[in-house]
Amino acid sequence: METITLNSHVGQEGILHLDIPVNIINTDHKLDSLPTINDKLKQLFDILTNKKCLIILDDLQNIFIPSQFAGKYQPEYQDYQTLFKMITETQHQSSVILISQEQCPEMECLDEELYPIKSLELSGLDNPEILKNTGLKNKDSWLKLIKLYEGNLIYLKSISILINKNYDDQVADFLAENTLHITNQMQSHFYETFHHLSPQEQQIVLELSKFETPISREELRQSLNLSSVDFNNGLQSLQQRYLVTKIKEDKILFKLSPVFQEYVRTCC
């Protein structure tokens, strides 16, 4: 299998440019020399069909419209939607990995036999060894710290710096305060996250943040002044952003990410 480094950008004319190394194309011309996006996509799929390739696209969430429900493409990035649809609907022998903090419709599939699409939600890490080179002390407390911050490496890096500066690396002293600290770096990150949400999602998040335990869809719906359509679309969108988790027990329950919930409670 060959790995393609697929560099892409949107030109001033709003057209998606796909830059693929010439050595894997059976022509003397790069894709950008072709006149239309359809010509470029056709040649790309000739490659994906004739060669076994791996394409990796990261930070996909940056092409979606802010302040609307998850997975809506910005107008200048609509050609990506065409590309992803073709990848799922056209027969080829290659693989594509999309990495995103926000799901698009093309990443979801109910029938994996009909459409070979698999979605993997990456959970946090739970191995104390991830803190090995941070300089933190009280190793027996590391796992508790990791669980408190959901095993998220970005959160753990930020809180490790705070513990280093304010607690002289003493994790036990930090945990003894029994407080979920939201650092300045986390606040900046969550500020962008919250203001990226649609107004309907913001209402749902603010209401969910009031509950200490997971809540049913019916209870949450009754406490909000949203239409049924806006409520259901908003709740689905928050799950597509990995901010709300669905829990299957005797009945279906929903909860916010604990660290994000603490930010909403204290800063929104």
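For the structure, see preceding data.
In this report, we go over the structure that sits alongside the text. Numbering of residues starts from 1 in each chain and follows the order in which that chain's sequence is written. Local features are withheld for residues below a pLDDT of 70 in this predicted model, meaning they are given only at 70 or higher, and side-chain atom pairs are given and counted only at 80 or more; totals for whole chains, interfaces and linings count all residues. With hydrogens and water set aside, each side-chain value is computed from the structure's full complement of heavy atoms.

1. Quick notes on the pattern of salt bridges
Any Lys or Arg side-chain nitrogen located within 4 Å of an Asp or Glu carboxyl oxygen qualifies as a salt bridge. Under the definition given, this model contains seven salt bridges. A salt bridge links glutamate 102 to arginine 241, with the nearest nitrogen and oxygen atoms 3.1 Å apart. Taken as a pair, glutamate 102 in the loop between strand 5 (95-98) and helix 3 (142-148) and arginine 241 in the loop between helix 9 (228-240) and strand 7 (244-248) lie far apart in primary sequence, 139 residues in all. The pair glutamate 102 / arginine 241 is uniform in exposure class, with both members buried. A run of H or I in DSSP counts as a helix once it spans at least four residues, and a run of E counts as a strand once it spans at least two, with each numbered from the N terminus. Only protein chains enter the accessibility calculation, which uses a 1.4 Å probe; a residue is then buried when its area is under 20% of its type maximum, exposed when over 50%, and partly exposed in between.

2. Considering the environment of serine 198
Summarising the element assignment, serine 198 is placed in the loop between helix 6 (184-196) and helix 7 (199-208). Along the primary structure serine 198 and serine 237 are separated by 39 residues, whereas in three dimensions their C-alpha atoms are 9.2 Å apart. We call two residues in contact when some of their heavy atoms are within 4.5 Å. Not counting the four nearest positions on each side in its chain, serine 198 is found in contact with Ser67, Gln68, Phe69 and Arg241. As used in this structure description, the phrase polar contact means that two N or O atoms lie within 3.5 Å; if the pair is within protein, one of them must be able to donate a hydrogen and the other to accept it, and residues adjacent in sequence are counted only when both atoms belong to side chains. Side chain to side chain, serine 198 and glutamate 201 meet in a polar contact 2.9 Å long.

3. Concerning a nonpolar patch on the surface
Patches draw on residues past 30% relative accessible area with no salt bridge. Two like charges within 9 Å are joined, as are two nonpolar side chains (Val, Leu, Ile, Met, Phe, Trp, Tyr) within 5 Å. For the accessible areas, the method is Shrake-Rupley and the probe is 1.4 Å, while residue cover comes only from the protein chains on display. Taken together, Ile56, Ile97 and Ile99 make up a surface patch of nonpolar side chains, about 230 Å² in accessible area. Relative to the helices and strands, isoleucine 99 resides in the loop between strand 5 and helix 3.

4. Looking at helix 4 (residues 153-166)
Between its first and last C-alpha atoms helix 4 spans 20 Å; for 14 residues at 1.5 Å apiece the expected length is 20 Å, and the two agree. Turning to helix 4, the residues buried within the fold contact helix 3, helix 5 (171-176), helix 6 and helix 10 (258-267). With a side-chain oxygen lying 2.9 Å from the backbone nitrogen of isoleucine 154, the N-terminal cap of helix 4 falls on asparagine 152. Expected helix span is given by 1.5 Å per residue-to-residue step, counting one fewer step than there are residues.

5. Some thoughts on the sheet that holds strand 7
When DSSP locates at least two bridges between a pair of strands, those strands are taken to pair. The sheet built from three strands is open, its strands ordered 6-8-7 with antiparallel pairing. Strand pairing shows two members of the sheet lacking a second neighbour, strand 6 (215-216) and strand 7, which therefore form its edges. Sheet topology note: the strand 6/strand 8 (residues 252-256) ladder contains two bridges and is antiparallel. Paired with serine 216 across the two strands is leucine 253, which belongs to strand 8. Lying over the sheet, helix 9 contacts strand 7 and strand 8, oriented at roughly 100° with respect to strand 7. Each axis is a line fitted through C-alpha atoms, and for a helix only the stretch in contact is used; angles between axes span 0 to 180 degrees, taken between their N-to-C directions.

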